Amino acid sequence: MRPLLLSTLPGIEEATVIEVKRIHPLTATEKIGEGKILVENFPLEKVGSLRTILCASSVLGIRSLEVLSPRTIRKAIREILRENSGFEFLEVSLKGLVTDRGFSEKYLEVIAAREVKRVWKIKCNSRASARLRVELYGKRVCVSLDFKRNIFRRSYYVWKHLASLNPALASSAVLLAGVEANSNIYDPFSGSGTIPIEAHFLTKGVECIGSDINVECVRGALVNAAEAGVKVVFFTADFRKTPIRSCDYLITDPPRGKRLRVSNLRKLFEDIFRISEQIVRRRLVLITPYVRLATGVTSSFKLTKMWSTRVSGSKIRILIYDI
Ligand SMILES: C[S@@+](CC[C@H](N)C(=O)[O-])C[C@H]1O[C@@H](n2cnc3c(N)ncnc32)[C@H](O)[C@@H]1O
């Protein structure tokens with residue numbers, strides 16, 4: 001079985017490792033770069049069910065170099081392509097990636113394109129359906145073939161929210177929170193419903209509830225949940241007046257955006273903690289860029305873990321609080 005290279009959001013690789021082990025406990029995993037996890041013995045047909053990954057590729061070969069130079073990189077790529085000359089593509093597109101700075105990604109692609117032409121005797125075309133990834137992790141070269149692009153795009157997402165959460169991040173937060181089977185999750189800022197819907201996919205028997213102040217969002221979240229084929233309760237409410245009296249996990253992505261003034265934000269986080277203190281039985285999880293404001297609130301919750309990731313260039317934190 002070929003090893004697989006899984007790409008996730010950098011900084012939350014642990015979520016993918018947890019998910020992979022849950023689906024197939026016998027899989028060996030290794031973090032090989034920012035947002036990159038190498039897995040061995042993972043069943044290929046189950047890749048599409050991984051919810052924390054952005055894309056996956058099938059590894060053709062990995063070489064460790066003694067010296068990092070254009071010559072050694074070219075030689076490594078050539079060897080890997082020679083060992084894998086059975087593919088019948090007419091053309092491939094190329095993606096070069098360098099994890100540690102010090103070598104140009106464009107130059108890596110140029111080197112790889114020449115070798116593809118020489119060894120596989122095919123052209124590189126950015127519009128080709130098959131994509132070859134050539135990645136450099138320190139002094140390791142990894143060549144792999146994408147077999148499905150953008151796994152994180154969800155087909156259920158028909159009603160779109162302007163500030164929706166990346167579903168891979170929503171899934172990761174649920175996994176990192178250690179949500180247990182047959183518990184319940186509440187998202188008081190549910191928007192298009194990403195967190196409750198993803199939670200439903202990940203945990204057996206979990207009851208998911210979402211609410212939002214905006215009735216349009218609630219209608220949209222219901223459309224998305226129906227499209228996803230999951231049963232989630234969504235209703236309209238200002239979170240300060242939520243009728244929910246208790247939940248095991250409160251996992252949420254509070255409002256973010258330039259229109260919110262800092263004083264409003266401080267009040268928002270104070271209110272989130274005040275209400276959570278009344279209703280949360282196990283864990284509070286905040287997905288937010290406003291880490292200082294969140295950690296500045298005094299409450300009976302204890303910040304036990306924090307992950308930091310980047311989504312579309314913005315730094316986002318997953319903060320896990322225990323009671
Ligand atoms: C960052 S968005 C959540 C996006 C959501 N995670 C998704 O993937 O679509 C924050 C949401 O909080 C809602 N909101 C703002 N103020 C609120 C309040 N006082 N009570 C409840 N919801 C509120 C907004 O309508 C918005 O949909």
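Residues numbered from 1 in each chain as written. Predicted model: local features only at pLDDT ≥ 70, side-chain atom pairs only at ≥ 80, totals over all residues. Heavy atoms only, no water.

Time to look at the packing of aromatic side chains. Inspection of the entire model under this criterion finds 11 aromatic pairs. Centre to centre, the rings of Phe89 and Trp120 are 6.4 Å apart; their planes meet at 50°, and the pair counts as tilted. Of this pair, Phe89 sits in the loop between α2 (70-83) and β5 (91-98) while Trp120 is found in helix α3 (residues 105-120), placing the two residues 31 residues apart along the sequence. Where Phe273 meets Phe301, the ring centres are 6.2 Å apart and the plane angle is 65°; that geometry is what we call edge-to-face. Separated by 28 residues along the polypeptide, Phe273 in helix α7 (residues 262-279) and Phe301 in the loop between α8 (291-295) and β14 (302-311) bring together distant segments of the chain. Note on accessibility: Phe273 and Phe301 belong to one class, buried. An aromatic cluster of three or more residues is present, and its members are Phe87, Phe89 and Trp120. Of note, Arg51 hangs over the ring of Phe201, and the distance from its end group to the ring centre comes to 3.9 Å. (Phe/Tyr/Trp six-rings, centres within 6.5 Å; stacked < 30°, edge-to-face > 60°. Helix = DSSP H or I, 4+ residues; strand = E, 2+ residues; numbered from the N terminus. Buried < 20%, exposed > 50% of the residue type's maximum accessible area, 1.4 Å probe, protein only. Lys NZ or Arg CZ within 6 Å of the ring centre and 35° of its normal.)

Let us now look at the nonpolar core. Among the nonpolar cores identified, the biggest contains 40 residues, and Leu169, Ile251 and Ile318 are the most heavily contacted of them. Going through the elements one at a time, α4 (167-176), α5 (194-202), α6 (215-228), β12 (247-252), β13 (280-288), β14 and β15 (314-322) are the ones with two or more residues in this core. Take this core: its biggest share by element is 7 residues, from α4. Summarising the domain contributions, this core has at least three residues from each of domain 1 (4-148) and domain 2 (167-322). Discounting residues that sit within four places of it in the chain, Ile318 has contacts with Ile12, Leu169, Ala173, Leu176, Val285, Leu286, Lys305, Met306 and Trp307. Ranked by size, the runner-up nonpolar core spans 27 residues in total, among them Ile244, Ile279, Leu286 and Tyr290. (Core = buried A, V, L, I, M, F, W, Y, C linked by side-chain atoms within 4.5 Å. Domains from an automatic or database assignment. Contact = heavy atoms within 4.5 Å.)

This part takes up the layout of surface pockets. What the largest pocket holds in volume is close to 850 Å³. Those elements that provide at least two residues to the lining of the largest pocket are α5 and α7. Per-element tally for the lining of the largest pocket: the top contributor is α7, with 3 residues. Partitioning the lining of the largest pocket into residue classes produces 15 nonpolar, 10 polar and 10 charged. What lines the second largest pocket is a set of 18 residues, and nearest its centre among them are Ser164, Leu165, Asn166, Val311 and Ser312. Going through the elements one at a time, α4 and β15 are the ones with two or more residues in the lining of the second largest pocket. (1 Å grid on protein atoms, 1.4 Å probe; cavity = no way out; pocket = protein on both sides within 12 Å on 5 of 7 lines; lining within 4 Å. Points joined across faces, edges and corners; volume = space filled by probe spheres on them. Nonpolar A, V, L, I, M, F, W, Y, C, P; charged D, E, K, R; others polar.)

As paired elements, strand β2 (residues 28-33) and strand β3 (residues 36-40) share 5 bridges and run antiparallel to each other. Directly across from Thr29, in β3, lies its bridge partner Val39. What sits between the antiparallel neighbours β2 and β3 is a turn of 2 residues, in which Gly35 has the positive phi angle 75°. (Pairing = 2+ DSSP bridges.)

On to the environment of Arg127. You can see Arg127 is positioned in the loop between β6 (123-124) and β7 (130-137). Residue Arg127 is classed as exposed on the basis of its relative accessible area of 72%. Sequence separation between Arg127 and Glu91 is 36 residues, and the spatial gap between their C-alpha atoms is 9.0 Å.

Our next topic: the domain arrangement of the protein chain. Assigned domains within the protein chain: domain 1 (4-148) and domain 2 (167-322). The C-alpha centroid of domain 2 is placed 34 Å from the C-alpha centroid of domain 1. Both sides together, the interface formed by domain 1 and domain 2 hides about 1300 Å², and carbon and sulfur atoms give 60% of it. Three residues, Ile12, Arg22 and Arg51, lead the burial of domain 1 against domain 2; their summed loss comes to 46% of the area buried on that side. Across the domain 1-domain 2 interface, the total number found is 2 salt bridges. Of the charged contacts in the structure, one is a salt bridge between Lys305 and Glu14, with a shortest N-O distance of 3.7 Å. Between domain 1 and domain 2 we count 4 residue pairs in polar contact (both at pLDDT 80 or more) in total. (Buried area = accessible area lost by both parts, 1.4 Å probe. Salt bridge = Lys/Arg side-chain N within 4 Å of Asp/Glu carboxyl O. Polar contact = N/O pair within 3.5 Å; in protein donor to acceptor, adjacent residues only side chain to side chain.)

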